[in-house]
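Here are the chains, one letter per residue:
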Amino acid sequence: MEHLSYVKPLYAPFLCFTHHSFSLYSLSISISPHISTSIHNIFIFSYSYSPSTHPHFYMGPTPYNSSNSSSSACSSSTKPPPPQPPDQMDHLLAGAGYKVRSNDLTQVAERLEHLETVMVKSSPVDISDIGNDAVYYNPTDLASWVDSLLTELNPNVSGSGSGSGSGSGSGFVSGSGPAYVSDPVMNDMNNVYGEFGQQVVTPIEEDVSIRLVHVLMTCAEAVQRGDMSLAGLLIDDLQGLLGRVNSGCGIGKVGSFFVDALSRRVVNSPQNGVVQVDLSAYENEILYHHYYEACPYLKFAHFTANQAILEAFDGQDCVHVIDFNLMQGLQWPALIQALALRPGGPPLLRLTGIGPPSLDGRDSLREIGLKLAELARSVNVRFAFRGVAASRLDDVKPWMLQVSPKEAVAVNSIMQLHKLLGPGGPRGPPVDLVLDWIRDLNPRILMVVEQESNHNQPEFLDRFTESLYYYSTMFDSLDACTAQPEKTLAELYIQREICNVVCCEGSARVERHEPLVRWRERLTGAGFAPLHLGSNAFKQARMLLTLFSAEGYSVEENEGCLTLGWHSRPLIAASAWQAIPKPSVVTTGR
Amino acid sequence: MAGSNEINVNEAKKVVPLHTWILISNFKLAYNMLRRPDGTFNRELAEFLDRKVVANTVPVDGVYSFDVIIDRATGLLNRIYRCALPETEPGHHPAAGILDLENPLSTTEIVPVVIFFHGGSFTHSSANSAIYDTFCRRLTGLIKGVVVSVNYRRSPEHRYPCAYEDGWETLQWVHSRTWLLSGKDPKVHVYLAGDSSGGNIAHHVAFRAAEAGVEVLGNILLHPLFGGEERTESETKLDGKYFVRVQDRDWYWRAFLPEGEDRDHPACNIFGPRGVDLKGVKFPKSLVVVAGFDLVQDWQLKYVEGLENAGQEVKLLFLKKATIGFYFLPNNEHFYTLMDEIKSFVSS
């Protein structure tokens, strides 16, 4: 595909532009009071992942169903579990969330004993101090966790050499997704405990909600079977049902987007026509910006990425950030300012921003570059910007990025890699090609933030149901935002994703989200090793979220990665990686 | 602390399998870091360390789960576990995950619904903690029913009576779900269960239910957390020997009870000087499980005695050589004994 790329670096000292829109954290946070109004829609937060290719849920390729399954737990036999191959992950502790190799168990026990002895000798103040001050990584890797505690309490004692703390083990394959049914609260009970929410839902509306979801599923099933005439009839049904629910929130709101998406798909089958109107870059930016404001997902992504990049750049004098989707550059003012404040002074910072070519005459990449340059100038950070215009990430050629061997490189991919999971060209799957050249750049850090869901399953119905769960949860979290027009435009931003997942196929379907377990497999397979995000990043992310008075967002630690979700359902996952240098080639960059 | 630390470590190792020793010791030592001497709690690190599991509507070992928010104001969330229909072919679950939230569990059979309160001394863990998710899955498969795991508010951020309020709210919510009904004259067949602080919560919710005329068919208390100002013999003798120290217990009570209160508060000391008389109260039958190496056992035995004196039906399951947390891993005979007892308790 043709692309326009221009590579004119901009040098900060020679520019004089002023703007006022960036704050320290690149946020203009709308504090929206949390009003619990829509309790009549109780959303069900869950994943649907089937261990279809890995038969046993808890770990490892071989099923150990003797003592870990509920069925055998009911027996009154006192048979001990069968011996496991020693280099496997112990499945008993796996059920408790820990990964320990069977043949490391004794050693871990010894280290725990040692840790206890050391703790007894320390004062309670010291012990809670190490809780407050030290940074920890990947608690799933029990052996390295125990060692890190030992190191904190007794810096002279070396670790047992049980590894760098990079948890290993096979991932899961997300399988088929089941249907989602909302469970409207029984309004009768509203009379019993009256302080329960302000909205009263009539029994008719509750039934309609459940019916709405059932018909949605049936329609999706019909679409999968290719029975478009039935699907069309069901869509008429759905329009009717939508008219009877409260479409301002809850299942009514998200349901209407899915009905809309289904009807587009039925009317314009993906093979034939355009199902999704392309917005101009400007319109895209507007939606993006409001999505950024209305909910914390992008802020969390930027914030977590910046922290990890900052750490990766520690001690480096020449650093180069490659942003796979510059958009409005909202991520970068905070990093620029953090680098400015760095002890020892800021490095020379180069930023290469990739973005779609401007078709409307505006050169938005350059505009953003100029603004960032001005900011950098104002805080005395030597800064250079390059814009790379490309419609697709796999159109970017590494030479366009002009990476120098002397610089420390950070590759920043916020919700971009999944777009490469579509059908491959003659040279292979796009994602593999791109990961390959990223690896060739030898980045100190590859930051990956992705939607935490599987919207890339081969069967349409599975994608549909999984995305219905996912976006219902996301919309539920958005309900807490009351600022307008942020909320409405944020919803439109999300609607475009939904449409792409539901309506498009082939290369047009770019929203091919896959969960963290899949990305881990992919990235380790492509020659990357995890860089764990630690308890400090976790703590700071939680603090960031308290700026949102909407309670309900939750940050979780997941084997060295961080997820942000709504209540108990993670919605986006952030992970950091470093390239393992290719074995036989001396990497000098290209 | 009774005995030097070395002796204590060796004592504990003698009575529990290796996996259990690793698991409980890990919690013990991590928790030491989280409790600050000034009574505050390092919640950030606690959440970072807690291994959590997402709900899964695709059945695993015959059980699937999903989360429901039942009170947005408090953020009260429950995780529901249900048994899946049997597989029609290997790997294919009929109606997998199409959550039926309309029809009763059964119109002919009685299907028990156990409301479970996880432990953690009112402070640690969540309904989506891996250890409790695993336990609840096992429990669901065992009773062939439904388990509702309550993600109650924890101390010190939310002291007494928040956890009890959340439990009470859940009980009412459970009773009002049409999709939890079972039996010929349909009703929700509810049991309350909990380990450690969860057992304490179960008691208090059951009491409130009894007073309000809300039916609870039975209480299952796994080494429930009770206490009092007095130092009992078991507390003195077992202090520090099997993973638990009295000073830790004291910290958790200070974090849970209203500020300024002592351990004779009726939340803590059920049949103590400020306790409520249970005579004549329509209290559910109780199964109280006491671990012989738990330093709280004297308080648990006093609780059993108190129930008996009040004419309440109670069965004591005393597991002489069990430590706290024996039920997390199915690698010891106490686990299987417990499972058998629970199974017969909910089917009688």
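As the structure is a prediction and not an experimental result, all values here were calculated from the model.

Novice: Describe in detail a negative patch on the surface, supporting the description with residues and values.
Specialist: Among the surface-exposed residues, D126, D129, D133 and E152 of chain A lie close enough to one another that they form a single negatively charged patch. Along the chain, the position of D129 of chain A falls in helix 4 (residues 124-133).

Novice: A description of the environment of W168 of chain B should follow, citing residues and the corresponding values.
Specialist: Residue and element names in this part refer to chain B. Looking at the secondary structure, you find W168 in helix 5 (residues 162-175). Residues W168 and W251 lie 83 residues apart in sequence; the distance between their C-alpha atoms is 25 Å. What W168 contacts, discounting residues up to four positions off in sequence, is V205, R208, A209, A212 and V214.

Novice: I'd love a proper account of the layout of surface pockets, names of residues and values included.
Specialist: Taken as a whole, the second largest pocket spans an internal volume of roughly 1200 Å³. The wall of the second largest pocket is formed by 34 residues, among which R542, E551, G552 and Y553 of chain A together with R154 of chain B lie closest to the centre. For the lining of the second largest pocket, the secondary-structure elements that each account for two or more residues are helix 19 (535-546) and strand 9 (553-558) of chain A together with helix 3 (43-49) and strand 2 (76-83) of chain B. Sort the elements by how many residues they give to the lining of the second largest pocket and helix 19 of chain A lands first, with 5 residues. Looking at the lining of the second largest pocket residue by residue, the class counts come to 10 nonpolar, 12 polar and 12 charged.

Novice: How would you summarise the confidence of the model for chain B if you had to cite specific residues and measurements?
Specialist: With 94% of its residues at a pLDDT of 70 or more, chain B shows a mean pLDDT of 93. Reported for the predicted complex are a pTM of 0.84 and an ipTM of 0.93.

Novice: Break down the packing of helix 11 (residues 297-312) of chain A against helix 19 of chain A for me, citing the residues and quoting the values.
Specialist: Residue and element names in this part refer to chain A. Running from N to C, helix 11 and helix 19 point in directions that differ by 150 degrees, and their axes come no closer than 10 Å. The angle between helix 11 and helix 19 places the two elements in the roughly antiparallel class. The handedness of the crossing between helix 11 and helix 19 is right-handed. Facing K299, F300, F303, Q307 and E311 of helix 11, the residues of helix 19 in contact are N536, A537, Q540, A541 and L544.

Thresholds applied
- Residues numbered from 1 in each chain as written.
- Chains lettered and ligands numbered in written order.
- Predicted model: local features only at pLDDT ≥ 70, side-chain atom pairs only at ≥ 80, totals over all residues.
- Heavy atoms only, no water.
- Patch = residues over 30% accessible without salt bridge, like charges linked within 9 Å, V, L, I, M, F, W, Y side chains within 5 Å.
- Areas by Shrake-Rupley, 256 points an atom, 1.4 Å probe, with all protein chains shown as cover.
- Salt bridge = Lys/Arg side-chain N within 4 Å of Asp/Glu carboxyl O.
- Lys, Arg positive; Asp, Glu negative; His and termini not counted.
- Charge placed at Lys NZ, Arg CZ, Asp CG, Glu CD.
- Helix = DSSP H or I, 4+ residues; strand = E, 2+ residues; numbered from the N terminus.
- Contact = heavy atoms within 4.5 Å.
- 1 Å grid on protein atoms, 1.4 Å probe; cavity = no way out; pocket = protein on both sides within 12 Å on 5 of 7 lines; lining within 4 Å.
- Points joined across faces, edges and corners; volume = space filled by probe spheres on them.
- Nonpolar A, V, L, I, M, F, W, Y, C, P; charged D, E, K, R; others polar.
- pLDDT = per-residue confidence, 0-100.
- Axes fitted to C-alpha atoms, helices over the stretch in contact; angles between N-to-C directions.
- Parallel < 35°, antiparallel > 145°, perpendicular 65-115°, else oblique.
- Left-handed = near helix turned anticlockwise from the far one by under 90°.

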